[in-house]
Amino acid sequence: MPDDSPSTFNPFASAEITPPVSSHWAAKRELAQALRELSNTLVTSAPSEELLKQASATISELNKALANSPRYYGSQEFANTQEHGSRGELNYELNAIGGLSNPLSPGLNMWLEGKLAFGKVKCGYAYEGPPGFVHGGYVAAILDQFLGMAQIAGGQSGMTGTLHVRYLRPTPLNTDLDLRGSVDRVDGRKTVVTAELLANGEVTARSEGLFIRPSNTLKEMFEKD
Ligand SMILES: CCCCCCCCCCCCCCCC(=O)SCCNC(=O)CCNC(=O)[C@H](O)C(C)(C)COP(=O)(O)OP(=O)(O)OC[C@H]1O[C@@H](n2cnc3c(N)ncnc32)[C@H](O)[C@@H]1OP(=O)(O)O
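About the cut-offs
- Residues numbered from 1 in each chain as written.
- Predicted model: local features only at pLDDT ≥ 70, side-chain atom pairs only at ≥ 80, totals over all residues.
- Heavy atoms only, no water.
- Salt bridge = Lys/Arg side-chain N within 4 Å of Asp/Glu carboxyl O.
- Helix = DSSP H or I, 4+ residues; strand = E, 2+ residues; numbered from the N terminus.
- Buried < 20%, exposed > 50% of the residue type's maximum accessible area, 1.4 Å probe, protein only.
- Patch = residues over 30% accessible without salt bridge, like charges linked within 9 Å, V, L, I, M, F, W, Y side chains within 5 Å.
- Areas by Shrake-Rupley, 256 points an atom, 1.4 Å probe, with all protein chains shown as cover.
- Contact = heavy atoms within 4.5 Å.

Caption draft 1: Fine view of the pattern of salt bridges. If you walk through the whole model with that rule in mind, you get eight salt bridges. Notably, a salt bridge pairs Glu-61 with Lys-64, separated by 3.2 Å at the nearest N-O pair. Placement of both Glu-61 and Lys-64 in helix 2 (residues 49-67) is noted, with a separation of three residues, approximately one turn of the helix. Take Lys-64: its relative accessible area is 55%, and that puts it in the exposed class. Close ionic contact of Glu-196 with Arg-180 constitutes a salt bridge, the shortest N to O distance being 2.9 Å. On the criterion of sequence distance, the pair formed by Glu-196 in strand 5 (residues 190-199) and Arg-180 in strand 4 (residues 177-187) is long-range, its members being 16 residues apart. On the basis of relative accessible area, Arg-180 is assigned to the partly exposed category, the value being 40%. Within the structure, one salt-bridge network assembled from shared partners comprises Arg-180, Glu-196 and Arg-206.

What follows is the structure, encoded as structure tokens:
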């Protein structure tokens, strides 16, 4: 049964990357990083077809070996085992935008300083949209995740109801990107959060998100099927 109780785990206390909760997650972080590097190599190289086919076969074999282990589909199934970490710890590892053990995530790191939220992220060539720049959908995803987490600065947690992004200038690839944000206002279950994304000190995108604490509880959401 899902556990709704709050975790004491707090990865937002400082800019330091929070260490993995176990050697198992440490190994997963390493594999996720290797896969990110593989993605970067794949989209920036022109190997022979023979080498590409050889790489596919080797990776398929590795995938079969990994798939032959216990499987947990989604972070909730992992949490239900009560052996792989709390919900917060699992989110930190597996989240689509910030998860260090998720190879699709660009690894957004976020922390709080008082009522302000700060973040850092870097997007490699696999995130390219316009030539040399980050795809706008990834910019929006990074801001969505950052705004969602920044709610915590105001003691709130809700799902994105509406997300506005104003793209002021292209966001460069392979560049340390900074984020800063804060809760603008809270009205019952609705929280408005604003944030900016910066590259080399210049704001590239500004956003505002309306987050809504769902009327149903987490238990109802996860158990309704
Ligand atoms: C320590 C470690 C912790 C780690 C853990 C941290 C977890 C904490 C951070 C989470 C970080 C997530 C960061 C990623 C965020 C996503 O990516 S979330 C995924 C994208 N969003 C979704 O999928 C949401 C889909 N929508 C829904 O599920 C439901 O529509 C909602 C948003 C939950 C609202 O449903 P509801 O609770 O039934 O709301 P309802 O009663 O209909 O409406 C309430 C009010 O909101 C208004 N409203 C409803 N929907 C909208 C809307 N879309 N736009 C504007 N207004 C709306 C209504 O008009 C109503 O207003 P009033 O009449 O009260 O003035």
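From this point on, the discussion continues.
Caption draft 2: Unusual backbone geometry, seen in detail. With a phi angle near 55°, Gln-82 is a residue other than glycine that sits in the positive phi range. Counting through the fold element by element, Gln-82 comes out in the loop between helix 3 (75-81) and helix 4 (87-94). At Asn-174, a residue that is not glycine, the phi angle is positive and equals roughly 55°. Position of Asn-174 relative to the elements: it lies in the loop between strand 3 (159-167) and strand 4. With a relative accessible area of 37%, Asn-174 lands in the partly exposed category.

Caption draft 3: Main features of a nonpolar patch on the surface. Together, Leu-31, Leu-35, Leu-38, Ile-59 and Leu-66 make up a nonpolar patch on the protein surface, roughly 400 Å² of accessible area in all. Of all the secondary structure elements, the ones that give two or more residues to the nonpolar patch are helix 1 (23-43) and helix 2. Among the elements that make up the nonpolar patch, the one with the highest residue count is helix 1 (three residues). Checked against the element boundaries, Leu-31 lands in helix 1.

Caption draft 4: Just the environment of Asp-184, in detail. Relative to the helices and strands, Asp-184 is located in strand 4. Asp-184 sits 97 residues away from Arg-87 along the chain, and the two C-alpha atoms are 27 Å apart. Once residues lying within four places of it in the same chain are set aside, the contact partners of Asp-184 are Val-192, Val-193 and Thr-194.

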